[in-house]
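In case you want the letters, here they are:
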Amino acid sequence: MSTMAMARGSMALQALLLLLAASVVFMAPASLAVTSPYVRPPPRATLSLLRHDDDADGQTPQQVHISMVGPDKMRVSWITDDDAPATVEYGTKPGQYPFSAKGSTTTYKYVFYRSGKIHDAVIGPLQPSTTYYYRCSSSSSREFSFRTPPATLPFKFVIVGDFGQTGWTKTTLQHIAADDYDVLLLPGDLSYADFIQSRWDSYGRLVEPLASARPWMVTQGNHEIEKLPVLETKPFKAYNARWRMPYDAGATPSGDNLYYSFDVAGGAVHVIMLGSYTDYDAGSAQHRWLRRDLAAVDRRRTAFVVALVHAPWYNSNKAHKGEGDAMRDAMEELLYGARVDAVFAGHVHAYERFARVYGGREDPCGPVHVTIGDGGNREGLADKYVEPQPAISKFREASFGHGRLEVVNATHALWTWHRNDDDEPVAADQVWITSLAANPACSGRRKNM
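Now for a description of the structure that goes with this document. (Residues numbered from 1 in each chain as written. Predicted model: local features only at pLDDT ≥ 70, side-chain atom pairs only at ≥ 80, totals over all residues. Heavy atoms only, no water.)

**Details of the sheet that holds strand β3 (residues 62–69)**
Either a parallel or an antiparallel arrangement is found when strands of a sheet pair, and the pairing is made through backbone hydrogen bonds. With respect to topology, 4 strands assemble into an open sheet ordered β3-β4-β10-β7, the strand pairing being antiparallel. In the strand order of this sheet, the two ends are held by β3 and β7 (104–106), each with one partner. Each neighbouring strand pair of the sheet contributes to a mean axis angle of 20°, computed without reference to strand direction. Sitting on the sheet, helix α3 (residues 198–211) is in contact with β3 and β4 (73–80), with an inclination near 60° to β3. (Pairing = 2+ DSSP bridges. Helix = DSSP H or I, 4+ residues; strand = E, 2+ residues; numbered from the N terminus. Axes fitted to C-alpha atoms, helices over the stretch in contact; angles between N-to-C directions. Contact = heavy atoms within 4.5 Å.)

Here's what the structure looks like:
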């Protein structure tokens, strides 16, 4: 029986088991807090992507995605139903692959589900801003391509969380693909498999057109935990097997796939991916690693530092209220002392942007906090907010969409949130963020780590 047939056969059983003011320039006046009156469209159904292409065989690569490894390498990950070589052949011209790399293969079991063969291989060194063509497992049936990120500024991120795989997810992906970017950052809740492992496979097929063409850097959310009493006691089994990130690379390797960091644009931007669902208290491995990582950042050459978490540290939505507070209590001082410029979160299925904040109050040297858990998940939107709107909350709206962070130069980055408005992307919120390293009032007050 094929992997997909087993997955479909076990689905029912698995289901039963279950710049300026405060270093920020706003589109609206800085003193104005906005709760958008936009009326969202109704929810859309979960997509069905359980089947391969009709001409696929057991060695056809599927669910292909790439992620950065250091400044000039890329990890290619893919799945085959049957045994196949863990090799990637690549070059800068279509159909010509003068270079190759061999990687490793793994599988996992989850209750009655058995995964396909999960392969990954690291290729490089690669040239920046260059398109490479590649094929996996020596399969001639499918050729992929990606473009490496630039080695200098400007640099364009897409940031979106809580994707899932609904009709709204598909719309969000179409909007992302319609405008160029260099790297996608995802602050947790990828597939919404929720114990039904075949949903990991359908999610991999859904995002493959984008995730095989640009690096996707992700961290985990609560929907990746997938623990079952007695039967499946190890958390993050599918996530860690399918979405391996560069936790063992860089200047400060973390040793844990649930949190890591990396640089882009020749070190001009440092990105920290934190784990909301692994220990973060003072003295924990993650806390000790974060302290080392931040201490190693040289703000004389690193213009921007951004962090991603899943559960937001600031939130005026009634959904998941206070769930990020313990992590904030444990780590906020570290980020503030390092003058982290922005913190992006998911979890709450809505959009919200806060002022620069520290300790619950506006602070010109604190990070801008943004909740972007609105990718298109099947649970729907969180449309109930605390009233009145807190002064530190500058814009909030319960709609699906995605965000873009363009680091224009060493002092300025432009953040734009695009609402999914009846299938059309609409720029509903925009703000310039200035580097705290370029602000003498903040850079001179950097706390000791």
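**Details of the side chain of Arg328**
Along the chain, Arg328 turns up in helix α6 (residues 325–337). Look at Arg328 and you get buried, because its relative accessible area is 18%. Discounting residues that sit within four places of it in the chain, Arg328 has contacts with Trp313 and Tyr314. (Buried < 20%, exposed > 50% of the residue type's maximum accessible area, 1.4 Å probe, protein only.)

**Here we look at the nonpolar core**
Among soluble globular proteins, nonpolar side chains are generally buried collectively. One finds Tyr134, Phe157, Trp216, Trp243 and Trp415 to be the most contacted residues of the largest nonpolar core, which totals 106 residues. For this core, the element with the highest residue contribution is α3, accounting for 6 residues. Of all hydrophobic cores here, the second largest spans 8 residues; its members include Leu381, Tyr385, Ala398 and Phe400. (Core = buried A, V, L, I, M, F, W, Y, C linked by side-chain atoms within 4.5 Å.)

**Points about empty space enclosed by the protein**
The calculated volume of the largest cavity comes to roughly 80 Å³. Along its surface, the largest cavity is lined by Gln63, His65, Ser77, Trp78, Ile79, Ile118, His119, Trp200, Tyr203, Gly204, Arg242 and Trp243. Those elements that place two or more of their residues in the lining of the largest cavity are β3, β4, β10 (117–123) and α3. Grouping the constituent residues of the lining of the largest cavity by class yields 6 nonpolar, 5 polar and 1 charged. (1 Å grid on protein atoms, 1.4 Å probe; cavity = no way out; pocket = protein on both sides within 12 Å on 5 of 7 lines; lining within 4 Å. Points joined across faces, edges and corners; volume = space filled by probe spheres on them. Nonpolar A, V, L, I, M, F, W, Y, C, P; charged D, E, K, R; others polar.)

**A look at the sheet that holds strand β5 (residues 87–91)**
An order of β6-β5-β11-β12 is seen for the 4 strands of this open sheet, with the pairing classed as antiparallel. Each edge of the sheet is formed by a strand with only one pairing partner; in this case those strands are β6 (99–102) and β12 (144–147). Between one strand and the next, the sheet's axes are offset by a mean angle of 30°, whatever the strand orientation. Bridge count between β5 and strand β11 (residues 131–136): 4 bridges; the pairing is antiparallel. When the sheet's bridge partners are listed, Glu89 is paired in β11 with Arg135.

**Quick look at the environment of Ser261**
Turning to its location among the elements, Ser261 is positioned in strand β16 (residues 260–264). Note: C-alpha distance between Ser261 and Leu308 (47 residues apart in sequence) is 10.0 Å. For Ser261, the residues in contact, after removing those within four places along its chain, are Thr252, His270, Val271, Ile272, Trp289 and Asp293. Of the polar contacts made by the side chain of Ser261, one reaches the side chain of Asp293; its length is 2.6 Å. (Polar contact = N/O pair within 3.5 Å; in protein donor to acceptor, adjacent residues only side chain to side chain.)

**Topic: the environment of Ala295**
Within the element layout of this structure, Ala295 appears in helix α5 (residues 285–295). A residue is classified by how much of its surface remains accessible, and Ala295, at 48% relative accessible area, is partly exposed. The spacing of Ala295 and Thr252 is 43 residues in sequence and 9.9 Å in space, taken between C-alpha atoms.

**As for the pairing of β5**
Within β5, 5 of the 5 residues are buried, which leaves it mostly tucked inside the rest of the structure. Of the two faces of β5, the one carrying Thr87, Glu89 and Gly91 and the one carrying Val88 and Tyr90 are both buried. Across 4 bridges, the pairing between β5 and β6 is antiparallel. By the bridge assignment, Thr87 is partnered in β6 with Lys102.

**Quick look at the packing of aromatic side chains**
Applying the stated criterion across every chain, the model contains 19 aromatic pairs. With 4.9 Å between their ring centres and 45° between their planes, Phe344 and Trp415 make a pair best called tilted. Of this pair, Phe344 sits in strand β19 (residues 342–345) while Trp415 sits in strand β25 (residues 412–421), placing them 71 residues apart in sequence. Summarising the burial analysis for this pair, Phe344 and Trp415 share the class buried. Cluster of aromatic residues (ring-pair linked, three or more members): Tyr90, Phe99, Tyr132, Tyr134, Phe144 and Phe146. In this structure, Arg328 packs its charged tip against the face of Tyr314, placed 4.8 Å from the ring centre. (Phe/Tyr/Trp six-rings, centres within 6.5 Å; stacked < 30°, edge-to-face > 60°. Lys NZ or Arg CZ within 6 Å of the ring centre and 35° of its normal.)

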